[in-house]
Amino acid sequence: MPTNSYRLRLFAASLLIAFLECTTFSTAQARRASKDSGSGATVVIDAGHGGYDRGGIPGQRVAEKEMTLDVAQRLKKVLAASGCRVVMTRDGDVFVPLGTRVAIANSYSNAIFVSIHFNSAKRSGAGGIETYFYSRESLPLASAIHYFVAGGAPSSNRNVRRRGYYVLRKTAVPAVLVECGFLTNPTEAAYAQTASYRQKLAEEIAAGVRGRNTVASTLATTRVATGENIPLQPYIDQTKVAKSERHRSKRSHKKSTRRKKKSSKPAGSEAKAASKDQEG
Ligand SMILES: [Zn+2]
């Protein structure tokens, strides 16, 4: 029969173990945990842009729409292999209006929506990975995807950000938009153009999808995003940007407030406006 002091020591030891488990959560452990929550949801994969909408900025050499589709198709394979039900908003080089993309996501009550994009900027030095969410329910998914993608990429970490992109605002299910690097940055564009790197991106996004219920809650005690510390962002405010970019960002913000008043606008025009918002 254990004595009271023995029980007390046992309790203290189990507390210590629980504490250590929370604070020494490694990538390997996260990966293991991420394998547990794969089944159940329908993952709606949204390859950004397509058809006449090339994505990126005018004169950009690498077409964003091609990179997003390739990563999306790789992600589909990775997730399907682990037993996830997967739906693509586009599976070829076609233009799909944002409203249609959202409608596809909203037609599954148990869906999660993952929109894949690459960034662009006039300044070729701009680089890094950033992940957007809008609704509070989307934050765990955003944190988990960002944890893996930013953790596995050679690019800098531009953090999880909250922003009212159309596909994030209008989806009734957890929705995330991940910017997998800058195609206007020579180093990041070179990575994006290799199949092995796009495969890695797909695998990291998949790890985030599978780990959405475990990674974010475990990391909540550390410096990873919580709903309270990420305010809604009018535009870039987490990185140092050149004055000209800051000026542009204010204009974009004005544009987005104007857009809100004209809600009858077709989704396609917002697609163009939204793509302009991708830091150029
Ligand atoms: Zn894009």
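Data block above holds the structure.
Remember, predicted model here, so these are calculated numbers, not experimental data. (Residues numbered from 1 in each chain as written. Predicted model: local features only at pLDDT ≥ 70, side-chain atom pairs only at ≥ 80, totals over all residues.)

1. Overview of the overall build of the protein chain
For step 1, the next point in the chain: A count of helical and extended segments in the protein chain gives eleven helices and six strands.
For step 2, the next point in the chain: The burial tally for the protein chain puts 42% of its 280 residues in the buried class.
For step 3, the next point in the chain: For the protein chain, the proportion of contacts with a sequence separation of at least 24, taken over those separated by at least 6, is 82%. (Helix = DSSP H or I, 4+ residues; strand = E, 2+ residues; numbered from the N terminus. Buried ≥ 20, exposed ≤ 12 C-beta atoms within 10 Å, placed from the backbone. Contact = placed C-beta atoms within 7 Å.)

2. Considering helix H5 (residues 139–152)
For step 1, the next point in the chain: Here H5 is 14 residues long and its end C-alpha atoms lie 20 Å apart, about the 20 Å a rise of 1.5 Å per residue gives.
For step 2, the next point in the chain: The element H5 is extensively covered by neighbouring structure, given that twelve of its 14 residues are classed as buried.
For step 3, the next point in the chain: Listing the buried residues of H5 in full gives Leu139, Pro140, Leu141, Ala142, Ser143, Ala144, Ile145, His146, Tyr147, Phe148, Val149 and Ala150. (Expected span 1.5 Å × (residues − 1).)

3. Comments concerning helix H3 (residues 64–81)
For the α-helix, the turn length of 3.6 residues means that residues three or four positions removed from each other point alike.
For step 1, the next point in the chain: In a regular helix each residue adds 1.5 Å, so 18 residues correspond to 26 Å; H3 covers 26 Å between its end C-alpha atoms and thus fits that length.
For step 2, the next point in the chain: Those residues of H3 that are buried are in contact with strand S1 (42–47), strand S2 (85–88), strand S3 (111–119), strand S6 (175–182), helix H7 (186–192) and helix H8 (195–210).
For step 3, the next point in the chain: Positive phi appears at Gly83, one or two residues downstream of H3, with a value of about 90°.

4. What to know about the environment of Thr89
For step 1, the next point in the chain: Relative to the elements of secondary structure, Thr89 occurs in the loop between S2 and helix H4 (98–106).
For step 2, the next point in the chain: On the basis of neighbour count, Thr89 is assigned to the buried category, with 23 C-beta atoms found within 10 Å.
For step 3, the next point in the chain: As for Thr89 and Ser115, which are separated by 26 residues in sequence, their C-alpha atoms are 9.3 Å apart.
For step 4, the next point in the chain: Once residues lying within four places of it in the same chain are set aside, the contact partners of Thr89 are Val44, Asp46, Ala47, Val96, Arg101 and Ile104.

5. Quick look at unusual backbone geometry
Excluding glycine, most residues fall at negative phi; most peptide bonds, likewise, are trans.
For step 1, the next point in the chain: A positive phi angle, near 65°, is found at His49, a position not held by glycine.
For step 2, the next point in the chain: By the element assignment, His49 lies in the loop between S1 and H3.
For step 3, the next point in the chain: The buried category is assigned to His49, around which 26 C-beta atoms lie within 10 Å.
For step 4, the next point in the chain: Although it is not a glycine, Asn159 sits at a positive phi angle of roughly 75°.
For step 5, the next point in the chain: Its place among the elements puts Asn159 in strand S5 (residues 157–162).

6. Concerning the sheet that holds S2
For step 1, the next point in the chain: Pairing is mixed in the open sheet, where six strands are placed in the order S2-S1-S3-S6-S4-S5. Unpaired on one side and paired on the other, S2 and S5 mark the two borders of the sheet. The mean angle between the axes of side-by-side strands here comes to 20°, regardless of whether they run parallel or antiparallel.
For step 2, the next point in the chain: The sheet contact formed by strand S4 (residues 129–133) and S5 spans four bridges and is parallel. Each residue of the ladder has a partner; that of Tyr132, found in S5, is Arg161.
For step 3, the next point in the chain: Strands S1, S2, S3 and S6 of the sheet are contacted by H4, whose axis makes an angle of about 170° with S1.
For step 4, the next point in the chain: Set on the sheet, H8 makes contact with S1, S3 and S6; between it and S3 the angle comes to about 150°. (Pairing = 2+ DSSP bridges. Axes fitted to C-alpha atoms, helices over the stretch in contact; angles between N-to-C directions.)

7. Thoughts on the pairing of S3
Put simply, side chains in a regular strand alternate between the two faces of the sheet.
For step 1, the next point in the chain: Burial within S3 is extensive, with nine of its nine residues counted as buried.
For step 2, the next point in the chain: Here S3 shows two buried faces, one formed by Ala111, Phe113, Ser115, His117 and Asn119 and the other by Ile112, Val114, Ile116 and Phe118.
For step 3, the next point in the chain: Relative to S3, S1 runs parallel, the two being bridged by six bridges. The residue of S3 that forms the bridge with Val44 is Phe113.
For step 4, the next point in the chain: Of the pairings in the sheet, the one linking S3 to S6 comprises six bridges and is parallel in character. When the bridges of S6 are listed, His117 appears paired with Glu179.

8. Some points on the nonpolar core
One recurring pattern in soluble globular proteins is that nonpolar side chains are buried together.
For step 1, the next point in the chain: Counting 61 residues, the largest nonpolar core has Ile145, Val149, Val176 and Ile205 as its most contacted members.
For step 2, the next point in the chain: With nine residues, the single largest contributor to this core is H5.
For step 3, the next point in the chain: Here Ile145 is in contact with Thr131, Val176, Val178, Ile205, Gly208 and Val209, once residues within four sequence places are set aside. (Core = buried A, V, L, I, M, F, W, Y, C linked by C-beta atoms within 7 Å.)

9. Observations regarding the environment of Gly127
For step 1, the next point in the chain: When you line up the elements, Gly127 lands in the loop between S3 and S4.
For step 2, the next point in the chain: Of the residues examined, Gly127 has 21 C-beta atoms within 10 Å and is grouped as buried.
For step 3, the next point in the chain: Note: C-alpha distance between Gly127 and Leu183 (56 residues apart in sequence) is 8.6 Å.
For step 4, the next point in the chain: Residues contacting Gly127, with those up to four places away along its chain left out, are Ser155, Ser156, Gly181, Phe182, Asn185 and Glu188.

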